[in-house]
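# An overview of the molecular structure
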Amino acid sequence: MAFQVGLTRDFLTPDGAFVYQDVGLDILKRAAGIEHQVMASTDLQGLDAVISLTPTWTRESLKSADRLLAMIRFGVGYELIDVEALTERDIGLFIAAGAVDHTMAESILAFMLAISHRLLQKDKLLREGRWGDRQKYMGWELRDRVLGIVGLGGIGRKLADMIKPFRMSKILAFDPNLTEAPSGVDLVTLDRLMVDADFVSVSCPLTEKTRGLIGHREISLMKPTAALINTARGGIVDEPALIEALRTGRIAGAGLDVFSEEPAGAGHLLATLDNVVLAPHSVGWTHEFFRDIGYMSCGQAVSLSRGEIPPGLVNREVLHRPGFLKKLKAAR
């Protein structure tokens, strides 16, 4: 029996075309013993693996998973997936760990440059015919500034490496899961990072421990010349506290790709401020971004079809569950 892989319906536009240029489907097409399809619904019956883009998976929606071995998240965030329910049903959760690192680090750097050189304000000056006001919008360089990274995972490490040519004076990181950092990065407390950093980049996953991690107190510790960048998840930062700090000039600026409630509309309070650069949870979206995620996700499905465990497993406890091991063996 062929190993059955389903892609969630949101990979297609309403008229049936693929949303993204390349999601790695050639990898599935070339693999022996694999059949793939775009799912018409969230019915999981008869599927061995699902490559999931944006659907929410709950205990209820997993009831139809009669033989599902793996839920493969097309990305790295999995707050919309009930991991405990997956484990109870002997289903592994896999994410595209590492596939997004370069694009997201580059996007954070783009936010830093846009904020520090005040690109939005200067663009607006020209469009409004206010050439003579340009001296009022002086920017600042990354050179000799301090970068603070909250969450030193793959994205944070890539950012620390990518930023080196800009000659920043210091790179600080807060990550309670680490006891040592790469060369050139100093592990510090969150308070120390918020006090010292000129740019605070939030690069950690949203979990119960990180929800509300950057609140009013933490923002109040920042320099008035500092900027906060969040490309991780909106729930990590207290949005009302951030809005107040931006509105009153308590901090200099922000770059935000994520929000406490999404989608965020044109009437959002953040959209009324001229010291914040905004993106609709897509700042890292490039053809390369989706290609790399697709190659990894489809590659994970191929490995599983051979009875192998690929990188990116989140709920590693399934490796000790007889039901999961039985399905993995049957996939060979």
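See above for the structure.
Now for a quick tour of the structure.

Basis of the calculations
Residues numbered from 1 in each chain as written. Predicted model: local features only at pLDDT ≥ 70, side-chain atom pairs only at ≥ 80, totals over all residues. Heavy atoms only, no water. Helix = DSSP H or I, 4+ residues; strand = E, 2+ residues; numbered from the N terminus. Rg over C-alpha atoms; globule rule 2.2 N^0.38 Å. Buried < 20%, exposed > 50% of the residue type's maximum accessible area, 1.4 Å probe, protein only. Contact = heavy atoms within 4.5 Å. Lys, Arg positive; Asp, Glu negative; His and termini not counted. Charge placed at Lys NZ, Arg CZ, Asp CG, Glu CD. Core = buried A, V, L, I, M, F, W, Y, C linked by side-chain atoms within 4.5 Å. Expected span 1.5 Å × (residues − 1). Pairing = 2+ DSSP bridges. Axes fitted to C-alpha atoms, helices over the stretch in contact; angles between N-to-C directions. Polar contact = N/O pair within 3.5 Å; in protein donor to acceptor, adjacent residues only side chain to side chain.

## Quick word on the overall build of the protein
Scanning the protein from N- to C-terminus turns up ten helices and twelve strands. What you see for the protein is a C-alpha radius of gyration of 22 Å, in line with the 20 Å of a compact globule of 332 residues. Relative to its 332 residues, the protein shows a buried fraction of 49%. For the protein, restricting intrachain contacts to residue pairs at least 6 apart in sequence, the fraction spanning at least 24 positions comes to 64%. When the 38 basic and 41 acidic side-chain charges of the protein are each reduced to a single mean position, those positions are 3 Å apart.

## Points about the nonpolar core
The biggest cluster of nonpolar side chains holds 61 residues, and the ones touching the most others in it are Leu28, Ile51, Met112, Leu147 and Phe199. Ignoring anything within four residues of it in the chain, the contact list for Ile51 reads Val5, Gly6, Leu7, Thr8, Phe11, Leu28, Ile72, Phe74, Ser297 and Cys298. With 34 residues, the next largest nonpolar core counts Val150, Leu172, Leu206 and Phe259 among its residues.

## Observations regarding the environment of Glu208
Its place among the elements puts Glu208 in the loop between β9 (199-202) and α7 (216-220). Take Glu208: its relative accessible area is 67%, and that puts it in the exposed class. Linking Glu208 and Glu79, residues 129 residues apart in sequence, is a C-alpha distance of 9.9 Å.

## Quick word on helix α9 (residues 287-305)
In this model, α9 (19 residues) spans 27 Å end to end at C-alpha, consistent with the 27 Å of a helix rising 1.5 Å per residue. One or two positions beyond α9, positive phi appears at Gly307, with a value near 80°.

## Notes on the sheet that holds strand β12 (residues 276-278)
One open sheet accounts for seven strands, arranged β8-β7-β6-β9-β10-β11-β12; its pairing is parallel. In this open sheet, the two edge strands, each paired with only one partner strand, are β8 (185-187) and β12. With strand direction ignored, the average angle separating the axes of adjacent strands in the sheet is 15°. Sitting on the sheet, helix α5 (residues 154-162) touches β6 (146-150), β7 (170-174), β8 and β9, and the angle it makes with β6 is about 165°.

## Here we look at the environment of Tyr137
Tracing the backbone through its elements, the reader meets Tyr137 in the loop between α4 (119-127) and β6. Tyr137 gets classed as buried once you look at its relative accessible area, which sits at 16%. Sequence-wise, Tyr137 and Ala279 are 142 residues apart; in three dimensions their C-alpha atoms are separated by 22 Å. With residues near it in sequence (within four places) discarded, Tyr137 still touches Arg118, Gln121, Lys122, Leu125 and Arg130. A distance of 3.3 Å separates a polar atom in the side chain of Tyr137 from a polar atom in the side chain of Arg130.

Spatial relationships are all this shows, so hold off on functional conclusions.
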